[in-house]
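Inside the fold
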Amino acid sequence: SQKIEQNSEALNIQEGKTATLTCNYTNYSPAYLQWYRQDPGRGPVFLLLIRENEKEKRKERLKVTFDTTLKQSLFHITASQPADSATYLCALDSNSGYALNFGKGTSLLVTP
Amino acid sequence: KAGVTQTPRYLIKTRGQQVTLSCSPISGHRSVSWYQQTPGQGLQFLFEYFSETQRNKGNFPGRFSGRQFSNSRSEMNVSTLELGDSALYLCASSLAVGGSSEQYFGPGTRLTVT
């Protein structure tokens, strides 16, 4: 069966450090992979999209890698700040191409 | 540009009733997707509409249905409500279908079934 796995344990890091979140998937052949941020009680907010033929993408303090051989994406936040504390979701397009399937997310807590 | 709006924001219903939720996408977006979010299951895909046609449906019973109008506004309906339908229902709009385009989410409708 298709699975998108994100670390269910919360990630606690100190302000200024780099946070690295992992997204692993099985039985998908995604052409696109996306990352979203969600704050409590609010809808997810789009952060980055990476295509299967792209190895890495950056936006300000964010970096995403996409390894289709390992079936894994890594999401990095450099120089993390307490305001980065949120749940981060990865999402893949379905094999049909007509749906976006989400992982359950990883909670990130950045402490001063 | 106005964001995605969803109405109502909060709803309390009784088992066996039905409910209709509404979503207005960002102007110019023709794709609308619906998701159910619960603490245990996370964000689960319900269905996606593009140009008034349902393009894909998630693994939910037939009690869950939706439609899209010519102005791209969308509604979803849940009939014969069950306690397990209590969740945050999120709608998202995008320029294209599937994963090729970023999705813009609304604030959600919090449905409680008693």
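Quick look at the structure, then. (Residues numbered from 1 in each chain as written. Chains lettered and ligands numbered in written order. Predicted model: local features only at pLDDT ≥ 70, side-chain atom pairs only at ≥ 80, totals over all residues. Heavy atoms only, no water.)

1. Structural notes on the pairing of strand β6 (residues 56-59) of chain A
Residues and elements named next belong to chain A. Keep this limit in mind: Should DSSP find at least two bridges between two strands, the strands are taken to pair. Strands here are runs of E lasting at least two residues and helices are runs of H or I lasting at least four, both read from the DSSP assignment and numbered beginning at the N terminus.
One ladder, built from four bridges, connects β6 with strand β7 (residues 62-67); its direction is antiparallel. Counted as the bridge partner of Arg58 is Lys63 from β7. What sits between the antiparallel neighbours β6 and β7 is a turn of two residues, in which Glu60 has the positive phi angle 55 degrees.

2. Some details on the side chain of B:Gln37
Stated precisely, the cut-off is as follows: Exposure classes here rest on a 1.4 Å probe applied to the protein chains alone. A residue is buried below 20% of its type maximum, exposed above 50%, and partly exposed in between. Here, two residues are considered to be in contact whenever any of their heavy atoms come within 4.5 Å of each other.
Examined against the element boundaries, B:Gln37 turns out to sit in strand β4 (residues 31-38). A relative accessible area of 15% means that B:Gln37 is categorised as buried. Setting aside its immediate chain neighbours within four residues, B:Gln37 contacts A:Gln38, B:Gly42, B:Leu43, B:Ala87, B:Leu88 and B:Leu90.

3. Things to note about the pattern of salt bridges
Our working definition: Each salt bridge in this description consists of a side-chain nitrogen of Lys or Arg and a carboxyl oxygen of Asp or Glu lying within 4 Å of one another.
Applying the stated criterion to the full structure yields eight salt bridges over all chains. In this structure, the salt-bridge partner of A:Arg37 is A:Asp39, at a minimum N-O distance of 3.1 Å. Residue A:Arg37 is classed as buried on the basis of its relative accessible area of 18%. One salt bridge connects B:Arg67 with B:Glu75, and the closest N-O pair in it is separated by 3.3 Å.

4. Some details on the pairing of β7(A)
Residue and element names in this part refer to chain A. For β7 and strand β8 (residues 72-77), the ladder comprises six bridges, and the chain directions are antiparallel. Residue pairing for β8: Thr65 is matched across the bridge by Leu74. Between β7 and β8, which pair antiparallel and follow one another directly, the connecting turn spans four residues, one of which, Lys71, has a positive phi of 55 degrees.

5. Some words on the nonpolar core
For clarity, the cut-off: Each nonpolar core is a collection of buried residues, namely Ala, Val, Leu, Ile, Met, Phe, Trp, Tyr and Cys, held together in the definition by side-chain atoms within 4.5 Å.
A:Leu33, A:Trp35, A:Phe75, A:Ile77, A:Tyr88 and A:Leu108 are the most contacted members of the largest nonpolar core, which has 23 residues in total. The set of elements that each furnish at least two residues to this core consists of β3 (19-26), β4 (32-38), β5 (45-51), β7, β8, β9 (86-93) and β11 (106-111) of chain A. B:Trp34, B:Tyr89, B:Leu111 and B:Val113 belong to the second-largest nonpolar core, a separate cluster that totals 21 residues.

6. Quick look at the state of the cysteines
What counts here: A pair of sulfur atoms, both from cysteines and within 2.5 Å, is called a disulfide here.
Counted under the stated rule, the structure contains two disulfides over all chains. One disulfide in the model links A:Cys23 with A:Cys90; its S-S distance is 1.9 Å. For the disulfide bridge between A:Cys23 and A:Cys90, the dihedral angle about the S-S bond is near 50 degrees, and by the sign convention the bridge is right-handed. Of this pair, A:Cys23 sits in strand β3 while A:Cys90 is found in strand β9, placing the two residues 67 residues apart along the sequence. Taking relative accessible area as the criterion, A:Cys23 reaches 0% and is therefore assigned buried. On the basis of relative accessibility, which here comes to 0%, the residue A:Cys90 falls in the buried class. Covalent S-S linkage joins B:Cys23 and B:Cys91, the inter-sulfur distance amounting to 1.7 Å.

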